[in-house]
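Take a look at the letters that make up each chain.
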Amino acid sequence: MSSLRRAFKSLDPDLVFNYMEEYLEAGFFKLTPFFIAITISLLAIRLTYVFLRSSKPFVDPPERVSTMIVLGSGGHTAEMLSIVNVLNKERFSPRFYVAATTDNMSLQKAQVLEQSLAHEGKGSSEAAQFLQIYRSREVGQSYITSIGTSLIAMMHALWLTLKIRPQVIICNGPGTCIPLCVAAFMFKVAGLRWSSIFYIESIARVRKLSLSGLLLYKLRLTDQFVVQWPQLQRKYPRSQYVGRIM
Amino acid sequence: MESKESKKMVFVTVGTTSFDALVRAVDSPQVRDELSSKGYTHLLIQMGRGSYFPSKFSGEDGSLAVDYFTFSPSIADHLKSASLIISHAGSGSIFETLRLGKPLIVVVNEDLMDNHQSELAEELADRKHLFCANPQTLHQIISNMNLDSLVPYPPGDSVPVAKLINRFFGFPDD
């Protein structure tokens, strides 16, 4: 290592060249573990940074944030739209609504909400987009075929997240939001886009988290994790309780 | 129009899927007699995708009039005109009914694989906002229920969640 220091200190091109030649002669195979070790340590450092910085509030408020709103279905969609209804439409803009391809009601309801907002002059038609995503697993689908469909869903989620590059993701389950949150987290680690992920557990979950909620909580993929019952908050101390939304 | 004034309807809803066990339960003579003796005159069943069709009764002989349909674009009107609602455990119809301040019996579907829905119904029953039953106990719940014991449900508020998100980004509260 002292030869390297000397080479760079003197800034003598010949010395630097000699050193590099020596280094390359050591052979690719000898260097591979070294590069792997470096890559793993860099990834570990980056992951630690992402985990530590996530869930920390912003110091400089952004002017506006592009927002991805993941609509579950039925009751999930109703809860989500009641939150969207009270968000400031100028700050949370543009808004991208995402629902499963099999769920044709949720996007319609979101469109109705956006139209009424445009009518009140609180939003514009360009501020909202409506997108569909493949579902990982349908109700009753076998676990073997769901491996394939989960992969497709994951690829689709990566594509959508890359296209939208949301600064905020708001979701409340069920499964549709998992590939999107994973994709957003991967882009966060890769440094392509910093997304803040908010998960609001459904009011139907009183004593236990849903599978989606549990996954996101345990993997620490969310910035803020909200539950709607105090007994659930006591069970999951990193979650927050600010009352019921329904 | 005395008959119209004294009309007391029970509305049964199974939601977007099917819940034959519930339709079968409300179609049983036990439950119909119990409802009749409590002063209800009409029973309207939204049966969804179920394969069990209840029997229709005109109610001309003074018994409980029974009618059914599969789906309707708006269940809200039926909820509004009903005096008692018997519903599946989906959170959508539970909160829609509670917001209207109508008496509600939630029947939990025990055939569902992931039966988390009973959690919500049981919690709200503990807080006396509704009655909770299963298809087998429905007639007992109806016979024992005291509508005066129900406590009105205080509506939820999504503003605190919006504030939490605002605070995270450093946005001022609106």
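- Going by an unreviewed UniProt entry, chain B carries the name Glycosyl transferase family 28 C-terminal domain-containing protein and comes from Dioscorea zingiberensis.

- The name an unreviewed UniProt entry gives chain A is UDP-N-acetylglucosamine transferase subunit ALG14, with Dioscorea zingiberensis as the organism.
- Database annotation for chain A, UniProt heading Subcellular location (unreviewed entry): "Endoplasmic reticulum membrane".
- Taken verbatim from the UniProt record of chain A, the Sequence similarities (unreviewed entry) comment is "Belongs to the ALG14 family."

1. Topic: helix α2 (residues 20-27) of chain B
Residues and elements named next belong to chain B.
- With six of eight residues buried, α2 is to be regarded as a mostly interior element.
- Along α2, the residues classified as buried are D20, L22, V23, A25, V26 and D27.
- Where α2 is buried, its residues meet β1 (9-13), α3 (29-37), β2 (42-46), β4 (84-87), β5 (104-107) and α7 (138-144).

2. A closer look at the domain arrangement of chain A
All names here are of chain A.
- Segmentation of chain A into domains returns domain 1 (2-53) and domain 2 (65-241).
- Between the C-alpha centres of domain 1 and domain 2 the distance comes to 41 Å.
- Listed as interface residues are seven residues of domain 1 and, on the opposing side, seven residues of domain 2.
- A combined buried area of about 620 Å² lies between domain 1 and domain 2, and 75% of that area is made up of carbon and sulfur atoms.

3. Let's talk about the UniProt feature "transmembrane region" (unreviewed entry) in chain A
- In the UniProt entry, the feature "transmembrane region" (unreviewed entry) is given for residues 31-52, 143-161 and 167-187 of chain A.
- As a span, residues 143-161 of chain A carries 100% helix and 0% strand, and end to end its C-alpha atoms are 26 Å apart.

4. A short note on the sheet that holds β4 of chain B
All names here are of chain B.
- Judged by pairing direction, the sheet is parallel, and its six strands sit side by side in the order β3-β2-β1-β4-β5-β6 without closing on themselves. On the outer flanks of this sheet lie β3 (65-69) and β6 (131-133), each paired with one strand and no other. Ignoring which end each strand starts from, the neighbouring axes of this sheet average 15° apart.
- Strand direction decides the pairing type here: β4 and β5, joined by three bridges, are parallel. In the strand pairing of β5, I86 is matched with I105.
- Its contacts with the sheet put helix α5 (residues 91-100) on β4 and β5, and the angle it makes with β5 is roughly 170°.

Analysis parameters
- Residues numbered from 1 in each chain as written.
- Chains lettered and ligands numbered in written order.
- Predicted model: local features only at pLDDT ≥ 70, side-chain atom pairs only at ≥ 80, totals over all residues.
- Heavy atoms only, no water.
- UniProt positions renumbered as here; feature names shortened; annotations may be inferred.
- Buried < 20%, exposed > 50% of the residue type's maximum accessible area, 1.4 Å probe, protein only.
- Helix = DSSP H or I, 4+ residues; strand = E, 2+ residues; numbered from the N terminus.
- Contact = heavy atoms within 4.5 Å.
- Domains from an automatic or database assignment.
- Buried area = accessible area lost by both parts, 1.4 Å probe.
- Pairing = 2+ DSSP bridges.
- Axes fitted to C-alpha atoms, helices over the stretch in contact; angles between N-to-C directions.

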